[in-house]
Structure formats: C-alpha cells, structure tokens
Amino acid sequence: MTEETSSSRSIAAVERAMDVLLMFGRHSRPDLGVTEIAQELEITKAAVHRILTALRNRDLIITDPVTRRYALGPAAISLGRAYLARTDLRVLAAPELRRLAAQCGETATLSIRRGDTRLYVDQVVPDQELRMEVALGIPLPLHAGSSSKAFLAFLSESEIDTYLSRHPLDAVTDRTITDPDRMRKELAAIKRRGYATSVGERQTGSASLAAPVFGHDGHIIAVLSVAGPQSRFKPRLAECAPLLMDSVGRLSAEFGYRPGLR
C-alpha cells in the first residue's frame, strides 16, 4: 500500500467518524442505534461499531448498557458549550443585518429581550435620504411593533398569559393592538407563518417585518427585523419576508438550532 493510498483511507475513516458524530447532532432523537446509523449513512454495521468504539474511548459518545443505544457524551457537550461561549450575537448577526439592508433597501435591526421588555442592540441603515433609524438600548414593550410581537408570539402559552395579565396593552400609536383577545389571535398567526408584521403599530408612518432567532434548545434568543417608511416598504413586505426568514434560519443554525425542536 502506497503512502498516498494509506493517507486517503485515513482521511476517509475520519470523515466517516465525523459523519457519525454529526448525525447525533442533527437527529431529533437523543439516542441512536447501530442499525439506524448504518442505514442512514449507508455504511456497514461493523464500520459503525468501530467508529462508535473510537468515539466512546474519547467520551464523545456514551452507550446505554440496557438498550445498547448511543448518545452524545460529555466531551461532545463540552465542545458545544465551548462554541456557544465564544459566540457573540452581534458579531454573528452583523453579516445578516448587512445582507438584509442591502437586499431590502431598508433598515435591518437586531433586538434582544430583557424581562418583559425588548431593546434594539444593533442596526444597519441603508444609504437612502428617507430612512428609518432606531434608538439602541431603550426598553420597549413586548406588544407593540413587529419585533416585540415576534418575541411574544414564540414564548410559551403560560409566558404569554403571564405577560398579558401583568401588562395592559397600552396604545403606543392609534394602530397598536390593545385588545387581549385580538392580540392572542395575532400572536397565533405570527407563530404559524414564522414572522410578524407591523404597519404603524409602534411608530406612526413605519412598516416592518420581524422574525425570531432560536438557540440550540429551541428557545428564542433574538429577533431580526427590517423596517422602512410605510409608503415605500409596506408594498414590499411580502417580497422581503422570505429574505428575512432565510437570515434568521442561517443565524439560528449558527447557535445550533435544528428545525423541529419547538
């Protein structure tokens, strides 16, 4: 066997091992059996056994002696935590904000939640004479505007109930939703389609879209939005919605989110 052939085989073996490890990360089940892995990756059970043994020796995989099924081990979890500890939300979101602002020609923003409020933490403003700009770091209620409603819609039912019981839905503009029953219907619609819209609900004369960014555990960690003058952006909301959903999908994936966790 030549050195080149040996090296190629070694690389292929490493790639198969990585495929097995990554399968645990993307699968909806917390544990997997040898047959499932072999069938999905189209490799032999013997090869799967060898790979799992090597991964188990490094604590990347653990096995249940009763069920004989495998799950991610402490070393794999440590790797995930180390990655998450080094991820900076604003740094990761910046390319998506720039992309959205360029694609839609409007202001793209990033919001985070703080208790029963949310606040803007970053924005990219387009080079237009008439444009929207937001104030960073100012607490805003969770019921007025697309970014706020995107946070509220993807909380649990009990969290929504608690918020609505604690906070009157005060009118910020004459378009703000102030009736709790109507708000519940609005939140349900947002959750079904994946994004929120607003036309003048928080700021008169504005139109906006917003969608959630999910973390590895399926909980919402931030919201991206696109906002512009109502006269110009309202007719383009439907056009920009898929672009926004693509952006939050990519950013959620950066934080380890897999569709289907919710």
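Located above this text is the structure these notes cover.
Residues numbered from 1 in each chain as written. Predicted model: local features only at pLDDT ≥ 70, side-chain atom pairs only at ≥ 80, totals over all residues. Heavy atoms only, no water.

K.L.:
Just checking my understanding: could you explain the pattern of salt bridges for this structure?
P.N.:
Opposite charge on two side chains lets them pair, provided their charged atoms get close. One pass over the structure, following the stated rule, counts 11 salt bridges. We note a salt bridge from lysine 149 to glutamate 186, for which the minimum N-O separation is 2.7 Å. In this pair, lysine 149 sits in helix H6 (residues 146-153) while glutamate 186 sits in helix H8 (residues 180-193), placing the two residues 37 residues apart along the sequence. As far as the burial class goes, lysine 149 and glutamate 186 line up, both buried. The salt bridge involving arginine 184 is made with aspartate 161; its shortest N-O contact spans 2.6 Å. Here the residue arginine 184 occupies a position in helix H8, and aspartate 161 occupies one in helix H7 (residues 157-166), the gap between them amounting to 23 residues. Residue arginine 184 is classed as partly exposed on the basis of its relative accessible area, which comes to 34%. Using a relative accessible area of 37% as the deciding quantity, one classes aspartate 161 as partly exposed. Three or more residues are tied together by salt bridges with common partners; here these are Asp31, Glu36 and Arg69. (Salt bridge = Lys/Arg side-chain N within 4 Å of Asp/Glu carboxyl O. Helix = DSSP H or I, 4+ residues; strand = E, 2+ residues; numbered from the N terminus. Buried < 20%, exposed > 50% of the residue type's maximum accessible area, 1.4 Å probe, protein only.)

K.L.:
Please clarify how the nonpolar core should be interpreted in this entry.
P.N.:
One recurring pattern in soluble globular proteins is that nonpolar side chains are buried together. Membership of the largest hydrophobic core comes to 28 residues, with the highest contact counts inside it found for Leu110, Leu209, Leu224, Phe233 and Leu244. At the level of elements, helix H5 (89-104), strand S4 (107-114), strand S5 (117-124), strand S8 (206-214), strand S9 (220-229) and helix H10 (237-254) are the ones that each hand at least two residues to this core. When near neighbours in sequence (up to four residues on either side) are disregarded, leucine 110 contacts Leu89, Arg90, Ala93, Leu97, Leu119, Tyr120, Val121, Asp122, Ala222, Val223 and Leu224. The next biggest cluster of nonpolar side chains, apart from the first, holds 21 residues, and it includes Phe151, Ile160, Tyr163 and Ala210. (Core = buried A, V, L, I, M, F, W, Y, C linked by side-chain atoms within 4.5 Å. Contact = heavy atoms within 4.5 Å.)

K.L.:
Before we go on, may I ask you to explain the sheet that holds strand S1 (residues 31-32) in this structure?
P.N.:
The strands making up a sheet are joined through hydrogen bonds of the backbone, oriented either antiparallel or parallel. Taken in spatial order, the three strands of this open sheet run S1-S3-S2, and their pairing is antiparallel. The open sheet terminates on both sides in strands that have one partner only, identified here as S1 and strand S2 (61-63). Two elements, S1 and strand S3 (residues 70-72), share two bridges in a ladder whose sense is antiparallel. Looking across to S3, one finds that leucine 32 is bridged to tyrosine 70. Helix-sheet contacts for helix H3 (residues 45-57) involve S2 and S3, and the interaxial angle to S2 is about 105 degrees. (Pairing = 2+ DSSP bridges. Axes fitted to C-alpha atoms, helices over the stretch in contact; angles between N-to-C directions.)

K.L.:
Whenever I open this one, empty space enclosed by the protein confuses me. Can you help?
P.N.:
Empty space among the atoms can be located by rolling a probe the size of a water molecule over them. The full count for this structure, using the stated rule, is one cavity of 30 Å³ or more. Quantified by volume, the largest cavity comes out at close to 150 Å³. What lines the largest cavity is a set of 17 residues, among which Tyr120, Arg202, Ser206, Ser208 and Ala227 lie closest to the centre. Residue assignment for the lining of the largest cavity shows that the elements contributing at least two residues are S5, H6, S8 and S9. If one sorts the elements of the lining of the largest cavity by residue count, S8 sits on top with three residues. Counted by class, the lining of the largest cavity contains five nonpolar, eight polar and four charged residues. (1 Å grid on protein atoms, 1.4 Å probe; cavity = no way out; pocket = protein on both sides within 12 Å on 5 of 7 lines; lining within 4 Å. Points joined across faces, edges and corners; volume = space filled by probe spheres on them. Nonpolar A, V, L, I, M, F, W, Y, C, P; charged D, E, K, R; others polar.)

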